[in-house]
Amino acid sequence: MNLADYLRRRRRLVDGALKRWIPAEDEFPPQVHKAMHYSLFAGGKRLRPILTLAAAEAAGGRTRDALPLACSLELIHTYSLIHDDLPSMDDDDLRRGKPTSHKVFGEAVAILAGDALLTEAFYLASRPDLMKGVPPRRRIQALWHLARAAGSLGMVGGQTVDILTQGRPADAGTLEYIHTRKTGALIAASVAVGAVIGGAGLRSFRNLLAYGEKLGLAFQITDDLLDAEGDEKKLGKAVRKDPSKGKATYPALYGIPESRRKAGRLIEEALACLKSFDRRANPLREIARFILERSN
Ligand code: GRG
């Protein structure tokens, strides 16, 4: 398969659905809706929704049944980036190649846009007119994965420990906690949600979840490596910020070569989780390889 082509088509599908399903920019009050659109359509890779769609397919399900929840994942991800960039958190000026939300709309509207995107994610996931073909038990199970991954036992928990440990040396356990929650939880949930909606049986579900967990950790390690070695223009955000902020990262604790080896091992393990799947899991296989080689 041609991965670039696949990703382009999937990105288009997700973008079209997001435009249809979130309030229009000029809807009252336009300030918050403009800020939501600004961050949502700033050129993200759409990795999380694409994983949801690919996992649903690997499990034997239909793409369109997984589309609303795939969009919910992107809404939650975008909210987390807006809040992460705030002066009280990472205090960043550039995201997805553009000035950050609080720089353009002010801090209050940026916080509200993040809040609205998070809430909109669950509004969309629970709309009775969508996913009519999906049994209610599956929908609730998928919502459970989504909510748990986003909350204090997942992404918010990881972000909390990340912020509170900045400037102090972090041990390997703390570093793994931060990375598996802050970034890994939502990526693993993207796969889990697709697997549930696609109707995966227990064994397939466990394998897909393990794939998602390994991929999520590998993704954050490559993000650390990109901060250490990447290019600001390609990444669309400032680089070399982690060391100056005293951030807990894999390169800081293990060095660059060992971090690269760790990411490589995780991707091998993620691929092994897909051994029992047929060719419908090929997009998941290709995405795993892409994570390792990505430059943005
Ligand atoms: C504020 C509750 C709260 C959580 C923030 C996601 C996050 C937690 C912080 C972001 C910090 C960061 C840059 C982490 C690195 C991994 C990551 C999430 C990168 C951005 O994701 P991509 O590369 O971005 O998928 P695009 O723009 O392509 O969607």
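The text that follows walks through the structure, step by step, so that each part is easy to find.

The rules we used
Residues numbered from 1 in each chain as written. Predicted model: local features only at pLDDT ≥ 70, side-chain atom pairs only at ≥ 80, totals over all residues. Heavy atoms only, no water. Salt bridge = Lys/Arg side-chain N within 4 Å of Asp/Glu carboxyl O. Helix = DSSP H or I, 4+ residues; strand = E, 2+ residues; numbered from the N terminus. Buried < 20%, exposed > 50% of the residue type's maximum accessible area, 1.4 Å probe, protein only. Near = heavy atom within 4 Å. Polar contact = N/O pair within 3.5 Å; in protein donor to acceptor, adjacent residues only side chain to side chain. Nonpolar A, V, L, I, M, F, W, Y, C, P; charged D, E, K, R; others polar. Contact = heavy atoms within 4.5 Å. Axes fitted to C-alpha atoms, helices over the stretch in contact; angles between N-to-C directions. Parallel < 35°, antiparallel > 145°, perpendicular 65-115°, else oblique. 1 Å grid on protein atoms, 1.4 Å probe; cavity = no way out; pocket = protein on both sides within 12 Å on 5 of 7 lines; lining within 4 Å. Points joined across faces, edges and corners; volume = space filled by probe spheres on them. Core = buried A, V, L, I, M, F, W, Y, C linked by side-chain atoms within 4.5 Å. Phe/Tyr/Trp six-rings, centres within 6.5 Å; stacked < 30°, edge-to-face > 60°.

This structure, assessed with the given rule, holds 20 salt bridges. The partner of Glu74 in a salt bridge is Arg96, with the nearest N and O atoms 3.0 Å apart. Residue Glu74 is found in helix H4 (residues 63–84), and its partner Arg96 is found in the loop between strand S1 (94–95) and strand S2 (98–99); the two are separated by 22 residues along the sequence. In terms of burial, Glu74 and Arg96 fall into one category: buried. Here Glu229 and Arg260 are joined by a salt bridge, their closest N and O atoms 2.3 Å apart. Of this pair, Glu229 sits in helix H10 (residues 202–229) while Arg260 sits in helix H14 (residues 256–272), and the two are 31 residues apart along the sequence. Residue Glu229 is classed as partly exposed on the basis of its relative accessible area of 42%. Ionic contacts of the salt-bridge type, sharing partners, join the residues Asp15, Arg46, Glu74 and Arg96 into one network.

Let's shift gears to the site of the ligand. Taken together, 19 residues lie around the ligand, and Lys45, Arg48, His77, Arg96 and Asp223 are the ones closest in. At 2.8 Å, a side-chain N or O of Arg48 approaches an oxygen atom of the ligand. Secondary-structure elements contributing two or more residues to the shell around the ligand are H4, helix H8 (155–165), helix H9 (172–197) and H10. Counting residues per element, the shell around the ligand draws most heavily on H4, at 5 residues. Residues of the shell around the ligand, tallied by class, amount to 4 nonpolar, 7 polar and 8 charged.

Attention shifts here to the environment of Gly157. Positionally, Gly157 belongs in helix H8. Along the backbone, Gly157 and Gly44 are 113 residues apart, and their C-alpha atoms lie at a distance of 24 Å. Once you skip the residues sitting within four places of it in the chain, Gly157 turns out to touch Gly151, Ser152 and Tyr177.

Moving on to unusual backbone geometry. The omega angle of the peptide bond from Phe28 to Pro29 is -5°, so this bond is cis rather than trans. Its location among the elements puts Pro29 in the loop between helix H1 (3–21) and helix H2 (30–40). Even without a glycine there, the phi angle at Arg46 is positive, about 65°. Residue classification places Arg46 among the buried residues on the basis of a relative accessible area of 3%. Positive phi outside glycine occurs at Met131, with the angle close to 55°. Within the secondary structure, Met131 is located in the loop between helix H6 (107–125) and helix H7 (136–150). Of the residues examined, Met131 reaches a relative accessible area of 7% and is grouped as buried.

With that settled, the discussion passes to H8. Those residues of H8 not exposed but buried are Met155, Gly157, Gly158, Gln159, Asp162 and Thr165. Along its buried surface, H8 packs onto H4, H7 and H9. Note on H8: the residue one or two positions beyond its end, Gly167, has a positive phi of about 90°.

This part covers the packing of H1 against H4. Where H1 contacts H4, the two axes come as close as 10 Å, and the packing angle between them is 75°. The orientation of H1 with respect to H4, classified from their angle, is roughly perpendicular. In this structure, H1 contributes Arg10, Leu13, Val14, Ala17, Leu18, Arg20 and Trp21 to the contact, and H4 contributes Thr63, Leu67, Pro68, Cys71, Glu74 and Leu75. Residue composition of the contact of H1 with H4, by class: 9 nonpolar, 1 polar and 3 charged.

The next thing to look at is the layout of surface pockets. Of the voids in this model, the second largest pocket is the one considered here, and its volume is about 490 Å³. Together, 20 residues line the second largest pocket, and Thr180, Ala185, Ala188, Leu209 and Glu213 are the ones closest to its centre. Contributions of two or more residues to the lining of the second largest pocket are made by H7, H9, H10 and H14. Tallied by class, residues from the lining of the second largest pocket come to 10 nonpolar, 4 polar and 6 charged.

A few words on the nonpolar core. Core analysis: the largest hydrophobic core is formed by 82 residues, its most contacted members being Leu51, Tyr211 and Ile287. Per-element tally for this core: the top contributor is H9, with 12 residues.

Enumeration over the complete set of coordinates arrives at 2 aromatic pairs. Between the aromatic rings of Tyr38 and Phe105, the centroid separation amounts to 5.3 Å while the plane-to-plane angle is 75°, which identifies the pairing as edge-to-face. Placement of the pair is Tyr38 in helix H2 and Phe105 in helix H5 (residues 101–105), with a sequence separation of 67 residues. Overall, Tyr38 belongs to the buried group, its relative accessible area being 17%. The partly exposed category is assigned to Phe105, whose relative accessible area is 24%.

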